[in-house]
2 protein chains.
Amino acid sequence: MIAMDHIDALTELLGEKAVVTRPEDMEAYETGARYDRGRAGAVLRPATTAEVSAAVGYCVRNGILVIPQSGNTGLVSGSTPDNSGDEVVLSLDRLSRQFELDLDNRAVRVDAGVRLSELNRRLEEHELFFPIDLGADPRIGGMIATNTGGSRFLKYGDVRRNTLGLKVVLADEAGTVLDLDSELRKNNTGVDWKQLFIGTSGAFGIVTECVLNLERVPKQSATALLVPASGAEVLPLLNAMEERLGAYLSAFEGMSKNALAAAFAHVPSLKNPFQAGNIPDYVILAEVSRTWAPRDGEQSLDSVLEGVLAEIWETEEAPLADAFIGPPHETWALRHALSEGVKHLGKLIAFDLSFRRGDIMVFCDHMKAEMPAEFPGVTICDFGHIGDGGVHFNLVVARDSPLLTDPAFEQRLREWVFAVAVEQYGGSFSAEHAIGRRNQAYYDFYTPEKLKEMAAGLKTITSPGRLGSVRFG
Amino acid sequence: MIAMDHIDALTELLGEKAVVTRPEDMEAYETGARYDRGRAGAVLRPATTAEVSAAVGYCVRNGILVIPQSGNTGLVSGSTPDNSGDEVVLSLDRLSRQFELDLDNRAVRVDAGVRLSELNRRLEEHELFFPIDLGADPRIGGMIATNTGGSRFLKYGDVRRNTLGLKVVLADEAGTVLDLDSELRKNNTGVDWKQLFIGTSGAFGIVTECVLNLERVPKQSATALLVPASGAEVLPLLNAMEERLGAYLSAFEGMSKNALAAAFAHVPSLKNPFQAGNIPDYVILAEVSRTWAPRDGEQSLDSVLEGVLAEIWETEEAPLADAFIGPPHETWALRHALSEGVKHLGKLIAFDLSFRRGDIMVFCDHMKAEMPAEFPGVTICDFGHIGDGGVHFNLVVARDSPLLTDPAFEQRLREWVFAVAVEQYGGSFSAEHAIGRRNQAYYDFYTPEKLKEMAAGLKTITSPGRLGSVRFG
């Protein structure tokens, strides 16, 4: 519980609009996108960096834990309060006024509460976009706190690569505002402090403003579904495509048979392009794109892609067994239906892993071989971003499975998957979802003591107050 | 002076080969690439991370300041000792054995002492390279410590963007080795500590090993010298090129008339392609490249470039006044001769600045207008990387100028240039050379107190011992 005195003081500081305490109004802020439901002592909705600073300073001086919340679309319980009712949620949802476009610098300055879709909508007329392509529609602050990658990482990189500057409020008694909001692309005059606030779940400070790199919206694209000759040929196929397409190649996504089957079963509008509808063991979605409009006499992108695939097809020991060039909206519809499809199969236990690129398929094969003995009744429905090593390693259990009656089952399963991924393959247990409450135990287990000590030290020199859902130290 | 006891103990620890004390053998390690000459108490040349750790631990326990030195090609006195004879240089020049290539991951693990040229030579047969294109030939450790960018930043980014992992020795009593040597492209499971050792001049730890992203060597390229319609048209021209060439565009370098004239005057083998040899006020070197070999029926890159330039030429209020397509080796020879040419004009006072892209030409015009009144006799010979906002703002004074007899002149000039660049235009006083002894005073002056405090705290939690030429706190 938060004492009424504090509510009154915060209302005084921020205004009535910015302090939410009615249970029915707080509910949306207490409920995560997929998993969690907590209880907040209050929800604060500051509309400016100065208001965030005032709110955070007050909470720190009074020992109140602040949970920063952005779009609240994350999957690791990073932005919702626990069940105590003692935590205050600080939402960025009113912090979205600023929009300063610098066309020459190909950059924009925005408040951290702006939604990705809204940002891109406003950039449309300039044929620019923020090139992080996600299924969800988060606010920018949360994208920074988790350093999201998305489906076109291969070409554009992650949020870190596309962030030029930040403004950050620290959790100290003053609510110190750090101006790290450079618009420069090159600047090596000291520690690049902004890096510490990217991908660290808001534990070291609350990002309130940022300067982002923009890219030109592609005016042409072509896609194909590729069937690799075998799982072992996925990487040779990627290498062959990278060699022949260079920076044209904007996506190389892998989809397992189980994930595809789930999508076809549950999204009837999808076209099944495979021979007699037989879904191959593994399918790649490859996309090529370019920023300019088609020119007279220039080969179309479809035909470029076709030519490249023919060339690969004709190499000795070709890594390609089959290919279907289709319109991008159809091909991507299939890719985007995977999550939805998989959810229909039963209870979903999702992992956001990453590996060296060459280890993705090896890991998946390893798990396919071991799962029936280790966890019979668990189905693997993986898909992922082969180009950057990311795997959405989704496991599904039928809703009536006896496994689900064992309260220890899910944790045993998670521990086993992480042990194989991290210890045997040197992978990451959180590729682009960051830590959050759900991964806290794995952070504690897998992080070397020295780095935990350093993180605790870093916390002291940035935000000594109580901030965020994750304990880094 | 370093006591003989210490020399003996270090020799015991590292072996005779790794401890240099004869003045004539130390000289190369005491002398910087352009400016400085100090005096070392000893030069240590460890060949492994374990030896670096042993050496650093010993020095910390005995209060000896260690100056890490990589290729010693930097321009800010970052890697040479002062004149006391009390500092020990720790050179990475023997730390260059490891070379583990992961073709599927398009990454390589190397020791930090490997030279850029040697790395790329070993990658050649795989048609890969580390895509940081520099005039000098540094070792990788120093490139990380300065976060160099180079001539193709526009396409490939800086060292930060291309570093996947690091191994770092901290300056504490144990010479702690931090394993941050991930080969993953996506990993958000805590603080991305490696970021702190990139661009910070070795002040927080010595990088001994790294995992680097590699790119495919372009198999086709085409270049042109472009004459913008005016200085104000440089950015519209860049925007027009980016729009029409996307990721094909791999360089967009600016060259002032003065810099070009100096190159033509002092490097007689250069071809002057301009009408009647008249050098325009400002010239752009634009490069397009792609990774694949020419294909049958595909438009050549020269003709793509020609087509794009014709298209721009025909737009209303075209930003382009003239263009000369020429073979890449000739065009780049001109670009690479600028430094050499400028040095011949007199005493060179060099600045490595950066700006928002749209401010580069505005700043240069501002300086051209003000210089005659502020510092008569100083000639501006700028060139730079328009695509990323970097400017090599070179000032030249005739060797017989009375300015050079004024001992305060150079500092006054530096302070004025930095004041205009940083305070008026929000630029950076060190785009890609980092700090070093030469920029220490400007770091102290331009860094907010809060960030200095945080840096001092960071120093305590990483390398509390005496390390490097820069004081961050």
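Residues numbered from 1 in each chain as written. Chains lettered and ligands numbered in written order. Predicted model: local features only at pLDDT ≥ 70, side-chain atom pairs only at ≥ 80, totals over all residues. Heavy atoms only, no water.

- In the nomenclature of an unreviewed UniProt entry, chain A is known as FAD/FMN-containing dehydrogenase of Sinorhizobium kostiense.

1. Some thoughts on the sheet that holds strand S8 (residues 163–169) of chain A
All names here are of chain A.
Step number 1: Spatially, the five strands line up as an open sheet ordered S5-S6-S10-S8-S9, and their pairing is antiparallel. At either margin of the open sheet sits one strand with a lone partner, and together these are strand S5 (99–102) and strand S9 (177–180). Along the sheet, successive strands turn relative to each other by an average axial angle of 10°, direction set aside.
Step number 2: The sheet contact formed by S5 and strand S6 (residues 107–111) spans four bridges and is antiparallel. Within S6, the residue paired with Asp102 across the bridge is Ala107.
Step number 3: Along the sheet, helix H4 (residues 116–123) contacts S5, S6 and strand S10 (206–213); its crossing angle with S5, the most-contacted strand, is approximately 50°. (Pairing = 2+ DSSP bridges. Helix = DSSP H or I, 4+ residues; strand = E, 2+ residues; numbered from the N terminus. Axes fitted to C-alpha atoms, helices over the stretch in contact; angles between N-to-C directions. Contact = heavy atoms within 4.5 Å.)

2. Let's talk about the UniProt feature "domain: FAD-binding PCMH-type" (unreviewed entry) in chain A
Step number 1: UniProt's entry tags residues 35–217 of chain A with the feature "domain: FAD-binding PCMH-type" (unreviewed entry), counted in the numbering of this structure.
Step number 2: Within residues 35–217 of chain A, the helical portion is 17% and the strand portion 23%, while the C-alpha atoms at the span's ends are 34 Å from each other. (UniProt positions renumbered as here; feature names shortened; annotations may be inferred.)

3. A few points about the domain arrangement of chain A
Step number 1: The domains assigned to chain A are domain 1 (4–91), domain 2 (99–216), domain 3 (220–337) and domain 4 (345–424).
Step number 2: Computed from C-alpha atoms alone, the centre-to-centre distance between domain 1 of chain A and domain 4 of chain A is 34 Å. (Domains from an automatic or database assignment.)

4. Comments concerning the pattern of salt bridges
Step number 1: Considering all chains together, one arrives at 80 salt bridges over all chains under this definition.
Step number 2: The partner of Arg106(B) in a salt bridge is Glu242(A), with the nearest N and O atoms 2.8 Å apart. Remark: Glu242(A) occurs in helix H7 (residues 234–245) and Arg106(B) occurs in the loop between strand S5 (99–102) and strand S6 (107–111); the pair is interchain, linking two chains. Just as Arg106(B) is buried, Glu242(A) falls in that class too.
Step number 3: For Lys452(B), the salt bridge identified is with Glu449(B), shortest N-O distance 3.3 Å. Taken together, the residues Lys452(B) and Glu449(B), both in helix H14 (residues 449–462) and three residues apart, mark about one turn of the helix.
Step number 4: Judged by its relative accessible area of 11%, Lys452(B) is buried. (Salt bridge = Lys/Arg side-chain N within 4 Å of Asp/Glu carboxyl O. Buried < 20%, exposed > 50% of the residue type's maximum accessible area, 1.4 Å probe, protein only.)

5. What to know about the interface of chain B and chain A
Step number 1: On the chain A side, the residues contacting the 77 residues of chain B number 77 residues.
Step number 2: Summing the contributions of chain B and of chain A, the shared interface buries around 6,400 Å²; its carbon and sulfur component is 56%.
Step number 3: Along the contact surface separating chain B from chain A lie 16 salt bridges.
Step number 4: Among the salt bridges present, the one from Glu243(B) reaches Lys219(A), with a minimum N-O distance of 3.8 Å.
Step number 5: Linking chain B with chain A are 33 residue pairs in polar contact (both at pLDDT 80 or more), by the criterion used here. (Buried area = accessible area lost by both parts, 1.4 Å probe. Polar contact = N/O pair within 3.5 Å; in protein donor to acceptor, adjacent residues only side chain to side chain.)

6. Observations regarding the environment of Ser339(B)
Step number 1: Locating Ser339(B) in the fold gives a position in helix H10 (residues 328–344).
Step number 2: As a C-alpha pair, Ser339(B) and Met4(B) span 335 residues in sequence and 43 Å in three-dimensional space.

7. Comments concerning empty space enclosed by the protein
Step number 1: Following the criterion strictly, the structure yields two cavities of 30 Å³ or more and no others.
Step number 2: Here the largest cavity defines a volume of roughly 110 Å³.
Step number 3: The wall of the largest cavity is formed by 18 residues, among which Leu245(A), Ala247(A), Tyr248(A), Ala247(B) and Tyr248(B) lie closest to the centre.
Step number 4: At the level of secondary structure, the elements contributing two or more residues to the lining of the largest cavity comprise strand S14 (282–290) of chain A together with strand S14 (282–290) of chain B.
Step number 5: Here the lining of the largest cavity is built from residues that sort into eight nonpolar, six polar and four charged.
Step number 6: In this structure, the second largest cavity spans a volume of roughly 30 Å³.
Step number 7: Taken together, Ser151(A), Phe153(A), Leu154(A), Phe252(A), Glu253(A), His385(A), Ile386(A), Gly387(A) and Asp388(A) form the lining of the second largest cavity.
Step number 8: Elements supplying a minimum of two residues to the lining of the second largest cavity: helix H6 (153–156) and strand S13 (249–256) of chain A.
Step number 9: Among the residues making up the lining of the second largest cavity, the classes are represented as four nonpolar, three polar and two charged.
Step number 10: Looking at which domains feed residues into the lining of the second largest cavity, each of domain 2 (99–216) and domain 4 (345–424) of chain A gives three or more. (1 Å grid on protein atoms, 1.4 Å probe; cavity = no way out; pocket = protein on both sides within 12 Å on 5 of 7 lines; lining within 4 Å. Points joined across faces, edges and corners; volume = space filled by probe spheres on them. Nonpolar A, V, L, I, M, F, W, Y, C, P; charged D, E, K, R; others polar.)

8. What to know about the state of the cysteines
All names here are of chain A.
Step number 1: Throughout the structure, instances matching the rule amount to zero disulfides over all chains.
Step number 2: The thiol of Cys364 is unpaired, and the distance to the nearest cysteine sulfur, on Cys381, comes to 12 Å.
Step number 3: Since its relative accessible area comes to 2%, Cys364 is described here as buried. (Disulfide = S-S within 2.5 Å.)

9. Concerning the relation of the copies chain B and chain A
Step number 1: It takes a turn of 180° to lay chain B on chain A, together with a shift of 0.0 Å along the axis; the resulting RMSD is 0.0 Å. Such a combination of rotation and displacement between the chain copies is what one expects of a two-fold axis. No C-alpha of chain B lies nearer the rotation axis than that of Ala247(B), which sits 3.0 Å from it.
Step number 2: With an isologous cut-off of 70% or more, the 100% of interface residues of chain B that recur at the interface of chain A puts this contact in the isologous class. (Least-squares fit on C-alpha atoms with pLDDT ≥ 70 in both.)

10. Brief notes about the nonpolar core
Step number 1: With 236 residues, the main nonpolar core has Met241(A), Phe363(A), Phe393(A), Met241(B), Phe363(B) and Phe393(B) as its most contacted residues.
Step number 2: When residues no more than four places from it in sequence are discounted, the contact partners of Met241(B) are Leu226(B), Gly246(B), Leu249(B), Phe252(B), Ala286(B), Leu305(B), Val308(B), Leu309(B) and Ile312(B). (Core = buried A, V, L, I, M, F, W, Y, C linked by side-chain atoms within 4.5 Å.)

11. Points about the environment of Met26(A)
Residues and elements named next belong to chain A.
Step number 1: Mapped onto the secondary structure, Met26 falls in helix H2 (residues 23–30).
Step number 2: In sequence terms Met26 and Gly41 are 15 residues apart; their C-alpha atoms lie 9.1 Å from each other.
Step number 3: Beyond its immediate stretch of four places on either side in the chain, Met26 contacts Val20, Thr21, Ala40, Gly41, Ala42 and Val43.

12. A few points about the packing of helix H12 (residues 409–424) of chain B against helix H13 (residues 436–446) of chain B
All names here are of chain B.
Step number 1: Remark: H12 packs on H13, axes separated minimally by 12 Å, with the N-to-C direction vectors making an angle of 45°. What the angle tells us is that H12 and H13 run oblique. The element H12 and its partner H13 pack so that their crossing is right-handed. Only Arg438, Asn439, Tyr442, Phe445 and Tyr446 of H13 make contact with H12, whose side of the interface consists of Glu410, Gln411, Arg414, Glu415, Phe418, Ala419, Val422 and Glu423.
Step number 2: For the contact of H12 with H13, the residue count by class is six nonpolar, two polar and five charged. (Parallel < 35°, antiparallel > 145°, perpendicular 65-115°, else oblique. Left-handed = near helix turned anticlockwise from the far one by under 90°.)

13. Considering the environment of Gly38(B)
All names here are of chain B.
Step number 1: Structurally, the position occupied by Gly38 is in the loop between helix H2 (23–30) and strand S2 (42–44).
Step number 2: What makes Gly38 buried here is its relative accessible area of 6%.
Step number 3: Taking C-alpha positions, Gly38 is 37 Å from Lys257, a pair spaced 219 residues apart along the chain.
Step number 4: For Gly38, the residues in contact, after removing those within four places along its chain, are Glu30, Pro81, Asp82 and Asn83.

14. Looking at helix H12 (residues 409–424) of chain A
Residues and elements named next belong to chain A.
Step number 1: Over its 16 residues, H12 runs 22 Å from end to end, which matches the ideal 22 Å to within 8%, given 1.5 Å per residue.
Step number 2: Among the structural elements, strand S16 (347–354), helix H11 (360–374), strand S17 (378–380), strand S19 (390–397) and helix H13 (436–446) are those in contact with the buried residues of H12.
Step number 3: Directly beyond the C-terminal end of H12, a positive phi value near 60° is found at Gly426. (Expected span 1.5 Å × (residues − 1).)

15. Let's talk about the pairing of S6(A)
All names here are of chain A.
Step number 1: A large share of S6 lies buried, amounting to five of its five residues.
Step number 2: Here S6 shows no split at all, with Ala107, Arg109 and Asp111 on one side and Val108 and Val110 on the other all buried.
Step number 3: Relative to S10, S6 runs antiparallel, the two sharing five bridges. When the sheet's bridge partners are listed, Ala107 is paired in S10 with Asn213.

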